Amino acid sequence: MNGPELSSAYHGETEAKIRDVFTEARARSPSIIVLDEVDALCPRREDGPGGEVEKRVVAQLLTLMDGMGDELDDGSQGKIVVV
């Protein structure tokens, strides 16, 4: 996934695109998600407080990565690697 391609000016659309990437990865498990240019989605903390959009995108990404070990609908474990 390419960070700038996922970014959107519309409220909630970036988060939806990120969820779609992880949903597709779970459906195609085992799979690898490569985060290219992640700095476009998740700015450095040292660069200031950031806006609310950046905070929501980072929270969505971390939530999805936290749930990667969850069971799939059929009871099997999804195998996803994020690079």
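Residues numbered from 1 in each chain as written. Predicted model: local features only at pLDDT ≥ 70, side-chain atom pairs only at ≥ 80, totals over all residues. Heavy atoms only, no water.

Peer 1: Looking at this structure, I do not really get the nonpolar core. What am I missing?
Peer 2: One recurring pattern in soluble globular proteins: nonpolar side chains tend to sit buried together. Listed in full, the twelve residues of the largest apolar core are Leu6, Ile18, Phe22, Ala25, Ile33, Leu35, Leu41, Cys42, Val57, Leu61, Leu64 and Ile80. Put simply, the parts of the chain that give this core at least two residues each are α2 (13-27) and α3 (52-66). (Core = buried A, V, L, I, M, F, W, Y, C linked by side-chain atoms within 4.5 Å. Buried < 20%, exposed > 50% of the residue type's maximum accessible area, 1.4 Å probe, protein only. Helix = DSSP H or I, 4+ residues; strand = E, 2+ residues; numbered from the N terminus.)

Peer 1: Can you walk me through α2 in this structure?
Peer 2: Since the α-helix turns once every 3.6 residues, residues separated by three or four places project in the same direction. Over its 15 residues, α2 extends 21 Å from the first C-alpha to the last, a length consistent with the 21 Å expected when each residue adds 1.5 Å. Within α2 the residues assigned to the buried category are Thr14, Glu15, Ile18, Phe22 and Ala25. When α2 is viewed along its axis, its buried side chains cluster within an angular range of 100° and face the same direction. Seen from the buried face of α2, the exposed residues on the opposite side, beyond 90 degrees, are Asp20, Thr23 and Ala27. (Expected span 1.5 Å × (residues − 1). Arc of directions from axis to C-beta.)

Peer 1: Help me out: how do you make sense of unusual backbone geometry in this one?
Peer 2: Across the junction of Ser29 and Pro30, the peptide omega takes the value 0°, indicating a cis bond. With respect to the helices, strands and loops of the structure, Pro30 is situated in the loop between α2 and β1 (31-33).

Peer 1: Help me understand the side chain of Ser31 in this model?
Peer 2: Inspection of the secondary structure puts Ser31 in strand β1. Looking at Ser31, its side chain comes within polar contact range of the main-chain oxygen of Ala25, at 2.9 Å. Other than its neighbours up to four places away in sequence, Ser31 contacts Ala25, Lys79, Ile80 and Val81. (Polar contact = N/O pair within 3.5 Å; in protein donor to acceptor, adjacent residues only side chain to side chain. Contact = heavy atoms within 4.5 Å.)

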